[in-house]
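In case you want the letters, here they are:
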Amino acid sequence: MITSDVIVVGAGLAGLRAALELNRHNVKVAVVTKVHPVRSHSVAAQGGINAALSNHPRGKFDSPELHAFDTIKGSDYLADQKAVLKMTTEGIERIYELEHWGAPFSRTEDGRIAQRPFGGAGFPRTCYATDKTGHVLLHTLYEQALKFEAASERADMQIFDEWFVTRLIVHNGSAKGVIALNINTGELEIFAGRAVIWATGGSGRVFGRTSNAYINTGWGMCVPFYEGVPLKDMEFIQFHPTELYTNNVLITEGARGEGGFLLNNKQERFLANYEDSAKAMEMAPRDIVARNMQREILAGRGVEGKYIHLDLRHLGKKKILERLPGIRMHAIHFAGVDPIDQPIPVAPGQHYTMGGLDVNLNTESKVKGFFAAGECACVSVHGSNRLGGNSLLETVVFGKIAGEYASAYFKDGGGTDVPVIFLNQILKEEEDKIIRLLESKGKENHSAIKHELGDTMDLGAGIFREARTMNASLEKVKELKERYGQIGLNSSGRIANFDLLWAIQLKGSLDLAEVILRGAINRQESRGAQFRTDYPMRDDKNWMKHTVARWKDGTIHLGYSSVDLSLHKAKKRHY
Ligand SMILES: Cc1cc2nc3c(=O)[nH]c(=O)nc-3n(C[C@H](O)[C@H](O)[C@H](O)COP(=O)(O)OP(=O)(O)OC[C@H]3O[C@@H](n4cnc5c(N)ncnc54)[C@H](O)[C@@H]3O)c2cc1C
């Protein structure tokens, strides 16, 4: 058994920021991550991180309050408003902290952090490091973690990479640690702590066409869900307008922020033809741009009938090389086009999970001693549609808060020791599950089930939704769940058995798919990223509420909770 004061699961931006905060409070921390920290999906973030720094000449009058307003409006008024203001206010300090820790942000001519326009924002407020923002921020936090790991004057920080968490330990209603599989040996181990911070990232791979890495299976969200932490607003899935048509690799919104155009097969900037994007054009929020792109494709005005062109040629070689070098390489390698000379073929695809583990603005959940931050959590700062650049901000703001609150919980004596007999019993339960899977000889293949799941989610829970197709997808998910019970593994060894890891995670993907579909079917309205062709209007009277899913005796139950509307009255969104 490995013991620490607090266990952090996940070493992306949220997990590492939480761990650094615990360390700052001299609390011993064990960080458990299934991939090496710098392979966490935060590394893929491109376009930037929002904060009202007012460094852009057009952003002089920006403020945390205006940033909060844009975020609330962007969320289609489903975000919890005080939580949003907390993020936009504390965000400024978090950016300077990253700068002081050495994050190499792009700079203005007079040396300040450069900012670019992003969709739905009243001012250019997205701080960036060319188009590799996530990469530089993750490396900056990892460097800090290594520094503290080596520092003798603070309590220990240990990072356990390539350890896959299978279970959250909850005893008498309090979180007490996790059980994790050492991927390199196949052995299970207990990580015991007085509190647990969850930071396992997004769940995009529940869908087929997604910009998310293969590691974002959704299992991370399900482990606490199975132990009593509810999931909130899971039906709200963001579809990013510009993913490479060939393989869904992201082409950052920064490309439009720098002035890129979206063109249909008539070479028209078609966003001008839609009332909701006519004014903001390429800088309308993602939900609106993605829908209007899809409408063009469905109306036969897509290029080759299938995709849209993102045209950067007019930006010129210098600007593209200086500000968007990464996406140029993606376009060359994965679509065979150099954006300096040719437009990039793009189409909308799954990108972000607005919902997540239900926590309050202090990252606390209904399970004592369990905190969550980052994309796996739903503090509810994005509501039904996230603004680009706000997710990286969320990771560092709420990662820090999670560290702060978990450390206070620990220091207040939160939690007592767990009886060894209980730990041994749940360790045995986990071991039995693993053995059952390793010995399973069923005819079904988990990878085939996963592909079918992705296809049915793309079809039923995509940009345009309606009861008929969603119900058909739900039926399909139920069928896939049945078939999951009959899978057989090809590999029965314990060492680095990824066949086993994918099989375990598929259960989480299937359960999340059901939560997403049932939430979306129940919600008979269109709001933010959920657009229902059978209920095309927002319905504040009946649906100004969060969906809350609970796991009880192996089944999913839906309920609802109220939205914090204390700062701004809900209005129709105009851009
Ligand atoms: C291509 C792309 C580009 C993006 N660009 C931007 C952008 O420019 N601006 C912006 O604001 N947002 C952007 N986003 C969103 C943003 O990057 C993510 O929401 C954010 O980085 C998530 O950080 P995180 O710390 O919550 O999770 P991640 O960085 O995904 O980290 C999750 C961690 O959890 C660990 N983990 C998961 N499951 C387990 C388990 N069972 N056991 C042990 N460990 C586990 C992983 O190993 C990993 O360390 C982008 C997203 C994508 C996909």
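Bear in mind the structure is a predicted one, so any value in this text is a computation, not a measurement.

### A closer look at helix H9 (residues 325-335)
Those residues of H9 that fall on the buried side of the exposure criterion are Pro-325, Gly-326, Ile-327, Arg-328 and Ala-331. Each element contacted by the buried residues of H9 is listed here: helix H6 (254-257), helix H8 (317-323) and strand E16 (344-353).

### Thoughts on empty space enclosed by the protein
Scanning the model with the defined rule gives three cavities of 30 Å³ or more in all. Quantified by volume, the largest cavity comes out at close to 70 Å³. As for the largest cavity, its lining consists of Ile-237, Gln-238, Phe-239, Arg-286, Asp-287, Ala-290, Arg-291, Asn-385, Ile-463 and Ala-529. When residues of the lining of the largest cavity are traced back to their parent elements, those giving at least two are strand E13 (237-244) and helix H7 (286-298). For the lining of the largest cavity, the element with the most residues is H7, which contributes four residues. Tallied by class, the residues present in the lining of the largest cavity amount to five nonpolar, two polar and three charged.

### Comments concerning the nonpolar core
Judged by nonpolar contacts, the single largest core of 145 residues is most densely connected at Ile-49, Phe-191, Trp-198, Phe-370 and Met-457. Sort the elements by how many residues they give to this core and helix H14 (residues 498-522) lands first, with 13 residues. When sequence neighbours within four positions are dropped, the list of residues in contact with Phe-370 reads Leu-168, Ala-175, Val-196, Trp-198, Pro-224, Val-229, Leu-357, Thr-363, Glu-364 and Ser-365. Counting residues in hydrophobic clusters, the runner-up holds 26 residues, among them Leu-262, Met-293, Leu-312 and Ile-327.

### Notes on the packing of helix H13 (residues 467-484) against H14
Running from N to C, H13 and H14 cross one another at 155°; their axes reach a closest spacing of 10 Å. Viewed along their axes, H13 and H14 adopt a mutual orientation that is roughly antiparallel. The hand of the H13/H14 crossing is left-handed. Residues Met-470, Asn-471, Ser-473, Leu-474, Val-477, Leu-480, Lys-481 and Tyr-484 of H13 form the contact with H14, whose participating residues are Ala-503, Ile-504, Leu-506, Lys-507, Leu-510, Asp-511, Ala-513, Glu-514, Leu-517, Arg-518, Ala-520 and Ile-521. Of the residues that constitute the contact of H13 with H14, the class distribution is 13 nonpolar, two polar and five charged.

### Describing the site of the ligand
Near the ligand you find 38 residues, and of these Ser-40, Ser-42, Glu-375, Ser-391 and Leu-392 are the closest. With respect to the ligand, the backbone of Gln-46 contributes an N or O atom lying 3.2 Å from a nitrogen atom. For the shell around the ligand, the element with the highest residue contribution is helix H10 (residues 390-411), accounting for four residues. Of the residues belonging to the shell around the ligand, the class tally is 16 nonpolar, 19 polar and three charged.

### A short note on the side chain of Gln-505
Summarising the element assignment, Gln-505 is placed in helix H14. A polar atom in the side chain of Gln-505 sits 2.8 Å from the side chain of Thr-217. When sequence neighbours within four positions are dropped, the list of residues in contact with Gln-505 reads Lys-34, Phe-164, Ile-215, Thr-217 and Trp-219.

### So, the environment of Gly-119
Among the secondary structure elements, Gly-119 is positioned in the loop between strand E5 (115-116) and strand E6 (126-127). On the basis of relative accessibility, which here comes to 2%, the residue Gly-119 falls in the buried class. C-alpha separation for the pair Gly-119 and Gly-257, spaced 138 residues apart in sequence, amounts to 7.5 Å. Beyond its immediate chain neighbours, meaning those up to four positions away, Gly-119 contacts Glu-253, Met-283, Ala-284, Pro-285 and Leu-387.

### Here we look at the packing of helix H12 (residues 446-460) against H14
Their axes nearest at 10 Å, the elements H12 and H14 cross at an angle of 25°. Taken together, the axis directions place H12 and H14 in an arrangement best described as roughly parallel. Crossing handedness for the pair H12 and H14: left-handed. Contact residues: His-446, Ile-449, Lys-450, Leu-453, Met-457 and Gly-460 in H12; Asp-499, Trp-502, Ala-503, Leu-506, Ser-509, Leu-510, Ala-513, Ile-516 and Leu-517 in H14. Looking at the contact of H12 with H14 residue by residue, the classes come out as ten nonpolar, three polar and two charged.

### Some points on the pattern of salt bridges
Throughout the structure, instances matching the rule amount to 54 salt bridges. Ionic pairing is found between Glu-430 and Arg-167, a salt bridge with its closest N-O pair at 3.4 Å. Within this pair, whereas Glu-430 is found in helix H11 (residues 420-439), its partner Arg-167 is found in strand E8 (residues 163-171), the two being separated by 263 residues in sequence. Residue Glu-430 shares its accessibility class with Arg-167, and that shared class is buried. Three or more residues are tied together by salt bridges with common partners; here these are Asp-76, Glu-235, Asp-287, Arg-291, Arg-523, Glu-525, Arg-527, Arg-538, Asp-540 and Arg-573.

Thresholds, definitions, all that
- Residues numbered from 1 in each chain as written.
- Predicted model: local features only at pLDDT ≥ 70, side-chain atom pairs only at ≥ 80, totals over all residues.
- Heavy atoms only, no water.
- Buried < 20%, exposed > 50% of the residue type's maximum accessible area, 1.4 Å probe, protein only.
- Helix = DSSP H or I, 4+ residues; strand = E, 2+ residues; numbered from the N terminus.
- Contact = heavy atoms within 4.5 Å.
- 1 Å grid on protein atoms, 1.4 Å probe; cavity = no way out; pocket = protein on both sides within 12 Å on 5 of 7 lines; lining within 4 Å.
- Points joined across faces, edges and corners; volume = space filled by probe spheres on them.
- Nonpolar A, V, L, I, M, F, W, Y, C, P; charged D, E, K, R; others polar.
- Core = buried A, V, L, I, M, F, W, Y, C linked by side-chain atoms within 4.5 Å.
- Axes fitted to C-alpha atoms, helices over the stretch in contact; angles between N-to-C directions.
- Parallel < 35°, antiparallel > 145°, perpendicular 65-115°, else oblique.
- Left-handed = near helix turned anticlockwise from the far one by under 90°.
- Near = heavy atom within 4 Å.
- Polar contact = N/O pair within 3.5 Å; in protein donor to acceptor, adjacent residues only side chain to side chain.
- Salt bridge = Lys/Arg side-chain N within 4 Å of Asp/Glu carboxyl O.

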